Amino acid sequence: MNKFSNDDCIFVAGANGLAGSAICRSLRNNGFNNLLTPRKKDLDLTNFEEVKNWFSKRKPSIVILCAAKVGGILANYNYPGDFILENLKIQNNVIELSWRNNVKKFIFLGSSCIYPKFANQPIKEESLLTGKLEDTNRAYAIAKISGIELCESLRKQYGFNAISLMPTNLYGPGDSYLLNNSHVLPSLVRKFVVAKHTSQKEVTCWGTGSPLREFLYSDDLGNAIVKLMKTMDTKLENYAGNKIYDSPAIFNVGSGFEVTIKELAQKIAKLTEFEGQIKWDTSKPDGTPRKLLDISKIRCTGWEPKINLEEGLKRVAKDFQINHLDDCL
């Protein structure tokens, strides 16, 4: 197994996003302070030559790729070309150059949308490529699947020490609250907080409210990545006596708890003290009817999610009120 120390130079690609900022917090909390966290204006991950030159100068020993073009149902549906093209460029550049520069460990952050729309629940890692994808985010999902396959192919052929994590729906501080392009949880937080603040009588939500969704607080993902970074080597077949993977080296990361979108809206309405009417625009898509991840594999490492949905919602609502509300009024 590759040995890691707190002095290792760690490149967190996408460090300023929701996942990346949480990963950096977890790394620093565990004594890893030698972090490379360039902003997009300083390093264009879609430009191969720019990334190549950056690697040759900085020489990171560990790379965590969480940079991606992301968005909710509407954004994915309206701009599929942008989603697949930009994500493929980012992934191909960072993965190839990490391999060519012999990094000690590479961690790729995927998404639960890689799994078939009607996969057996809870969804195991082995469900990948066993069925049809959800149409509304197919382009994004295929990009992420390509990233997983690139990591796997380089691992099998060249011994590239890469693992891939598939988080469920993330939320937390630093999330995007754009009305039409954000994910469902931050979008609902925005709608209800603004409605309460402006004394609105009703809030309209998308779809029927019936789909079941699993949510994971971003700091729990950060802790999972630190755990796997410190303990897992893709040449190993077991951890603590438990056989958890041969191939592919993929780990689901979730909370193990699901809730309907309607129940989620009601929880946020209660939290924000919104007492008006909740309406459902059924002309809008629901997306995948259910998506619960099987997290038994990562639990074998000793990792467990710590922050439940109620506590996470309180933190996110507070973050929005303090840092984003004025911009949304």
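Here the structure is shown first, and the text comes after it.
Visitor: Quick one: what's the story with the pattern of salt bridges, residue by residue and with numbers?
Guide: Tallied over the entire structure, the rule returns 16 salt bridges. Here Asp219 and Arg25 are joined by a salt bridge, their closest N and O atoms 2.6 Å apart. Placement of Asp219 in helix α7 (residues 218-231) and of Arg25 in helix α1 (residues 18-29) is noted, with a sequence separation of 194 residues between them. Taking the shortest distance from any N to any O, the salt bridge between Lys284 and Asp281 comes out at 2.9 Å. Relative accessible area serves as the criterion here: at 29%, Lys284 is assigned to the partly exposed category. It is possible to trace a salt-bridge network through shared partners that takes in Lys132, Asp135 and Arg138.

Visitor: Hey, could you go over helix α8 (residues 261-271) for me, with residue numbers and the actual values?
Guide: Buried within α8 we find Ile261, Leu264, Ala265, Ile268 and Ala269. One face of α8 carries all of its buried residues, which in axial projection span an arc of 135 degrees. At its buried positions, α8 is contacted by α6 (184-197), β7 (202-206), β8 (212-217), β12 (258-260), β13 (277-281) and α10 (309-323). Immediately downstream of α8, the backbone of Glu273 shows phi near 65 degrees, a positive value.

Visitor: Any details on the packing of aromatic side chains? Residues and values, ideally.
Guide: The tally for this structure, following the rule as stated, stands at ten aromatic pairs. Here the aromatic rings of Trp54 and Phe55 are separated by 5.8 Å at their centres, their planes lie at 75 degrees, and the arrangement is edge-to-face. For the pair Trp54 and Phe55, one class covers both residues: buried. Arranged with centres 6.3 Å apart and planes meeting at 85 degrees, the rings of Phe83 and Tyr140 form a pair that is edge-to-face. Here Phe83 is found in helix α4 (residues 80-100), whereas its partner Tyr140 is found in helix α5 (residues 138-158), with 57 residues between them in sequence. With relative accessibility at 10%, the residue Tyr140 sits in the buried group.

The rules behind each value
Residues numbered from 1 in each chain as written. Predicted model: local features only at pLDDT ≥ 70, side-chain atom pairs only at ≥ 80, totals over all residues. Heavy atoms only, no water. Salt bridge = Lys/Arg side-chain N within 4 Å of Asp/Glu carboxyl O. Helix = DSSP H or I, 4+ residues; strand = E, 2+ residues; numbered from the N terminus. Buried < 20%, exposed > 50% of the residue type's maximum accessible area, 1.4 Å probe, protein only. Arc of directions from axis to C-beta. Contact = heavy atoms within 4.5 Å. Phe/Tyr/Trp six-rings, centres within 6.5 Å; stacked < 30°, edge-to-face > 60°.

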